[in-house]
Amino acid sequence: MTTRRPDRRRRKPSKRRQRSSQSRWSRMWPPCLGAVIVGVACWILFKALFSPKPSQYAPPEGFTVHGIDISHHQGSIDWELLRNQANIDSMPLSFVFIKATEGSDIVDRQFERNFAAARRFGIMRGAYHFYRTSTPAKLQAEHFMRHVKLEEGDLPPVLDVEVKPADVSIEAFRQGILEWLVRVEQHYKVKPILYTYHSFRQQYMNDSVFNIYPYWIAHYYVDSLRYRGPWAFWQHSDQGQLPGISEKVDLDVFQGTFQELQQLAIPQSTNLLKQ
């Protein structure tokens with residue numbers, strides 16, 4: 001048998017104790033708030049002083065073949081000025097990738113002008129398609145092939161993959177990308193280039209089936225790539241400023257010599273005249 005103890009209810013602190021507790025917190029709060037503000041200010045100052053800025057960014061060292069990629073966002077380009085005066089890290093502009101199509105019904109409004117001008121001014125050119133999951137890969141491939149007529153010396157076609165909706169499974173996403181690549185390769189008789197971000201590929205496209213395609217990786221404002229797999233092109237900045245282009249432009253390098261870039265291009269033996 002146990003003896004029930006009387007209920008001992010906690011007394012409410014007196015108003016004097018309440019005031020004492022409140023005054024203690026009020027004395028502590030200003031120094032804590034000040035420390036937080038100082039810490040945040042120091043972090044912002046550190047980032048401002050030591051983080052690379054687009055205006056201070058220099059192209060990565062050790063590359064001799066430089067290029068750009070463009071779309072209608074760059075507006076009307078003065079191609080003669082671009083050819084004669086554009087240099088990146090004291091190197092001439094060697095190649096340009098040009099946006100051609102998107103999804104199954106969009107054609108970049110500057111594509112035809114830019115694509116023809118690149119050939120006319122002697123800059124090695126390539127065309128890319130921005131991939132969308134909203135329409136079947138087959139229709140997107142046909143849309144690209146219908147509007148892009150590649151010739152001898154052009155760079156292989158490019159598939160730009162940057163977006164995966166949450167309602168599309170990784171398996172279906174990968175299958176669609178592979179279908180586009182296979183169909184376009186059958187048409188142009190050359191393996192397409194696959195463009196994406198390193199983190200995006202690691203998350204959604206980390207499959208050996210894509211390793212047979214030349215990889216064009218986007219990774220900005222770093223001295224060197226931390227990606228250990230094979231790659232052909234590196235988009236290292238989206239803040240380039242070049243003569244002949246009024247808007248900022250993406251900057252790229254090719255991993256190899258200009259002769260090796262030419263070997264990657266569509267060869268003379270490939271018959272594309274019947275496209």
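Keep in mind that this is a model prediction, so the values were computed, not measured.

Student: If you had to explain the overall build of the chain to someone new, which residues and values would you point to?
Tutor: Of the regular secondary structure elements, the chain holds seven helices and 10 strands. Burial analysis of the chain (275 residues in total) assigns 41% to the buried set. By sequence separation, contacts in the chain at least 24 residues apart represent 67% of the contacts at least 6 residues apart. As presented, the chain carries roughly 16500 Å² of accessible surface, and 52% of it is formed by carbon and sulfur atoms.

Student: Tell me about helix 5 (residues 170-188), and please be specific about residues and values.
Tutor: Its 19 residues place the ends of helix 5 27 Å apart at the C-alpha level, agreeing with the 27 Å of an ideal helix rising 1.5 Å per residue. Taken as a whole, helix 5 has its buried residues at Phe173, Gly176, Ile177, Leu178, Trp180, Leu181, Val184 and Tyr188. Residue Lys189 follows helix 5 closely and has a positive phi angle near 60 degrees.

Student: Mind laying out the nonpolar core, listing which residues take part and the relevant values?
Tutor: Membership of the largest hydrophobic core comes to 47 residues, with the highest contact counts inside it found for Ile68, Trp79, Leu82, Val161, Phe173, Ile177 and Met205. For this core, the secondary-structure elements that each account for two or more residues are strand 1 (66-70), helix 2 (79-85), strand 3 (91-102), helix 3 (111-120), helix 4 (137-147), helix 5, helix 6 (198-204) and strand 10 (249-254). For this core, the element with the highest residue contribution is helix 5, accounting for seven residues. Discounting chain neighbours no more than four positions away, the residues touching Trp79 are Ile70, Val96, Arg113, Asn114, Ala117, Ala118, Phe121 and Ile123.

Student: Lay out the confidence of the model for the chain in plain terms, naming residues and giving numbers.
Tutor: Summarising the model, the chain shows a mean pLDDT of 84, and 77% of its residues fall at 70 or more. In the model, residues 1-10 has pLDDT below 50 throughout and makes zero contacts with residues more than four positions away in sequence or in other chains. Below a pLDDT of 50 lies the segment residues 44-52, which in the model reaches four contacts outside its immediate sequence neighbourhood of four places, other chains included.

Student: Explain the packing of aromatic side chains residue by residue, including any values.
Tutor: Enumeration according to the criterion identifies 20 aromatic pairs in this entry. Ring geometry for Phe144 versus Tyr188: centroids 6.1 Å apart, planes at 75 degrees, classification edge-to-face. In this pair, Phe144 sits in helix 4 while Tyr188 sits in helix 5, placing the two residues 44 residues apart along the sequence. Residue classification places Phe144 among the buried residues on the basis of a relative accessible area of 0%. The class for Tyr188 is buried, based on a relative accessible area of 0%. Judged by centre distance (5.9 Å) and plane angle (50 degrees), the rings of Tyr220 and Tyr221 are tilted.

Student: Now, about the pairing of strand 9 (residues 233-240): what can you tell me, with residues and values included?
Tutor: Judged by how many residues are buried, strand 9 sits mostly within the fold: six of eight residues are covered. Two elements, strand 8 (residues 215-218) and strand 9, share three bridges in a ladder whose sense is parallel. Across the sheet, the residue bridging to Trp216 is Phe233, located in strand 9. Pairing between strand 9 and strand 10: five bridges, direction antiparallel. Considered in strand 10, the bridge of Phe233 is made with Phe254.

Student: Tell me what's going on with the environment of Gly153, and back it up with residues and numbers.
Tutor: Residue position: Gly153 is located in the loop between helix 4 and strand 6 (158-160). Residues Gly153 and Gly126 lie 27 residues apart in sequence; the distance between their C-alpha atoms is 9.5 Å.

Student: Run through helix 4, naming residues and quoting values.
Tutor: Of all the residues in helix 4, the buried ones are Ala137, Gln140, Ala141, His143, Phe144 and Met145. Summarising the contacts, the buried residues of helix 4 are in contact with strand 3, strand 4 (106-107), strand 5 (124-130) and helix 5.

Cut-off values and rules
- Residues numbered from 1 in each chain as written.
- Predicted model: local features only at pLDDT ≥ 70, side-chain atom pairs only at ≥ 80, totals over all residues.
- Heavy atoms only, no water.
- Helix = DSSP H or I, 4+ residues; strand = E, 2+ residues; numbered from the N terminus.
- Buried < 20%, exposed > 50% of the residue type's maximum accessible area, 1.4 Å probe, protein only.
- Contact = heavy atoms within 4.5 Å.
- Areas by Shrake-Rupley, 256 points an atom, 1.4 Å probe, with all protein chains shown as cover.
- Expected span 1.5 Å × (residues − 1).
- Core = buried A, V, L, I, M, F, W, Y, C linked by side-chain atoms within 4.5 Å.
- pLDDT = per-residue confidence, 0-100.
- Phe/Tyr/Trp six-rings, centres within 6.5 Å; stacked < 30°, edge-to-face > 60°.
- Pairing = 2+ DSSP bridges.

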